[in-house]
Amino acid sequence: MSVGTPSDPLKFAYWVPNVSGGLVTSGIEQRTDWNWDYNRETAIAAENNGFEYALSQVRYMASYSAEYQHESTSLSLAIMMATERLKVMAAVHPGMWHPGVFANFGATADHLTNGRFATNVVSGWFKGEFQAFGEPWLEHDERYRRTEEFIRCLKGIWESDDFTFLGDFYRFHDYTLKPKPLNTPERPHPEIFQGGNSTAARQMAGRVSDFYFSNGKDYDGVVEQLADVNASAKENDRSVKFGLNGFMIIRDTEKEAQDVLREIVDKANVEQVEGFRQAVQQAGASASDGKGMWAESSWEDLVQYNDGFKTKLIGTPEQIAERLIEYKKLGVDLSLLCFLHVKEDIEQFGREVLPLVREMEAALPERELAQA
Ligand SMILES: Cc1cc2nc3c(=O)[nH]c(=O)nc-3n(C[C@H](O)[C@H](O)[C@H](O)COP(=O)(O)O)c2cc1C
């Protein structure tokens, strides 16, 4: 049910370290920095090592091992200006931005980068951030109603003139944006990614998102979500692409890779992980059916704050490449990766894993992929 043809190569994205503390809440050595120089070098390394996308994080204040943070939209634009091909998803919270202002930002960013602007619209879990800003914190499914209106407004403004919208959260009257974002052969407007896995999130994806991002999952978890997202897309006569988060540890032997995972968990910052565990009860667990991100995560899973260990991209280059291909066969279009030492590991991925993935893809019989 993916938009791409089954034989499209698997796409890769990496998490931009625009928040301090690395991608795991652990005292293990992480040669990852959140500063600009490191981010610029990482982005250049990424586009030279098979990454088509980068995903920034939106965080407005210190929290759970992330003391510092660079603002998502400005850093995303800076990364695109420093690279040639990388598409960067600027993360955005509908509760914090007006869709008209964000649509304007996106159009300008798209022109400055020759059509490389994308966005990840998130509905939020961090109540403390909204309280600090004096903004109302909506109940779980209400946050999704607002996010859906936000996305409908972005598309309306990006695709039409005299846009009028009378919603519960946003209103527009005969509004025309000029210039609109670039209309590239690949997409009619900047791609809209979505972070959120609850039932409300899955249904919204089918109605309005271009890409659905899953937190880390084993094969069963991917199959289960794909079924829901694709059913919702079908009802709406659409198709949605699927992205899957995973934490990658590449070593010469499986044992060495597993030892690194053990060390990450053994050195976890217990207090910070516990604080995060409590805060994310505001996400999936608070949905009307209690289903969604982090609702079933173990304490160990939460040491990587997007359940990245569950995807099990941990082992030798061959083992990792094989798993990536299995996910692709299930219907995953994009692999979103996080690492311990982001820049170095991106380079190792490009050298040791990517060529195997491409070889295995080329050897796959068309009919096996067509079932995806
Ligand atoms: C790939 C991905 C990226 C996300 N990035 C952010 C982020 O940058 N900032 C944020 O506050 N939440 C982020 N979230 C979390 C969402 O805001 C939301 O709380 C979470 O997806 C739970 O949604 P659910 O209750 O629908 O499962 C992200 C989620 C995913 C899947």
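In this report, the structure presented in the accompanying data block is examined.

Each value, and the rule that gives it
Residues numbered from 1 in each chain as written. Predicted model: local features only at pLDDT ≥ 70, side-chain atom pairs only at ≥ 80, totals over all residues. Helix = DSSP H or I, 4+ residues; strand = E, 2+ residues; numbered from the N terminus. Rg over C-alpha atoms; globule rule 2.2 N^0.38 Å. Buried ≥ 20, exposed ≤ 12 C-beta atoms within 10 Å, placed from the backbone. Contact = placed C-beta atoms within 7 Å. Near = placed C-beta within 6 Å. Nonpolar A, V, L, I, M, F, W, Y, C, P; charged D, E, K, R; others polar. Axes fitted to C-alpha atoms, helices over the stretch in contact; angles between N-to-C directions. Parallel < 35°, antiparallel > 145°, perpendicular 65-115°, else oblique. Left-handed = near helix turned anticlockwise from the far one by under 90°. Pairing = 2+ DSSP bridges.

The next thing to look at is the overall build of the protein chain. When its secondary structure is counted, the protein chain shows twelve helices and eleven strands. Taken over C-alpha atoms, the radius of gyration comes to 20 Å for the protein chain, in line with the 21 Å a tight globule of 372 residues would show. Taking the principal axes of the C-alpha coordinates as reference, the protein chain spans close to 60 × 50 × 40 Å. Taking all 372 residues of the protein chain together, the buried fraction comes to 49%. Restricting to contacts in the protein chain with at least 6 residues of sequence separation, those with at least 24 account for 76%.

A word on the environment of Ala233. With respect to the helices and strands, the residue Ala233 is situated in helix α7 (residues 219-235). In this structure Ala233 comes out as buried when scored by C-beta crowding, with 23 C-beta atoms within 10 Å. In this structure, the C-alpha to C-alpha distance between Ala233 and Ser76, residues 157 residues apart in sequence, is 29 Å.

The full set close to the ligand counts 24 residues, and Gly195, Gly196, Ser198, Gly292 and Met293 are the nearest of them. In the shell around the ligand, the residues fall into ten nonpolar, 13 polar and one charged.

This next bit is on the environment of Gln203. Tracing the backbone shows Gln203 in helix α6 (residues 199-208). The class for Gln203 is buried, based on 20 C-beta atoms found within 10 Å. Spatially, the C-alpha atoms of Gln203 and Ala231 are 8.6 Å apart, while their sequence positions differ by 28 residues.

Orientation of helix α10 (residues 317-330) relative to helix α11 (residues 342-363), taken along the N-to-C sense of each, is 45 degrees, at an axis distance of 9 Å. Taken together, the axes of α10 and α11 are oblique relative to one another. For the pair α10 and α11, the sense of crossing is right-handed. Along its contact with α10, which presents Pro317, Glu318, Ile320, Ala321, Leu324 and Ile325, the element α11 presents Glu352, Val353, Leu356, Val357, Met360 and Glu361. When grouped by side-chain class, the residues that make up the contact of α10 with α11 number nine nonpolar, no polar and three charged.

The subject of this paragraph is the packing of helix α5 (residues 140-159) against α6. Closest axis-to-axis distance for the α5/α6 pair is 10 Å, and the angle between their directions is 15 degrees. Considered as vectors, α5 and α6 are oriented roughly parallel to each other. In this structure, the crossing between α5 and α6 has a hand that is right-handed. Between α5 and α6, the residues in contact are His140, Asp141, Tyr144, Thr147, Glu148, Ile151 and Arg152 and Ala200, Ala201, Met204, Arg207 and Val208, respectively. Residue classes in the contact of α5 with α6 are distributed as six nonpolar, two polar and four charged.

With four of five residues buried, strand β7 (residues 191-195) lies mostly within the body of the structure. Two elements, strand β4 (residues 117-122) and β7, share five bridges in a ladder whose sense is parallel. Its bridge partner lying in β7, Val122 is registered against Gly195. Across three bridges, β7 lies against strand β8 (residues 211-214) in parallel orientation. Looking across to β8, one finds that Phe193 is bridged to Phe211.

So, on to the environment of Asp33. By secondary structure assignment, the location of Asp33 is in the loop between β1 (11-15) and α1 (36-47). The exposure class assigned to Asp33 is partly exposed, which follows from the 16 C-beta atoms found within 10 Å. In contact with Asp33, not counting residues within four places along its chain, are Pro17 and Tyr38.

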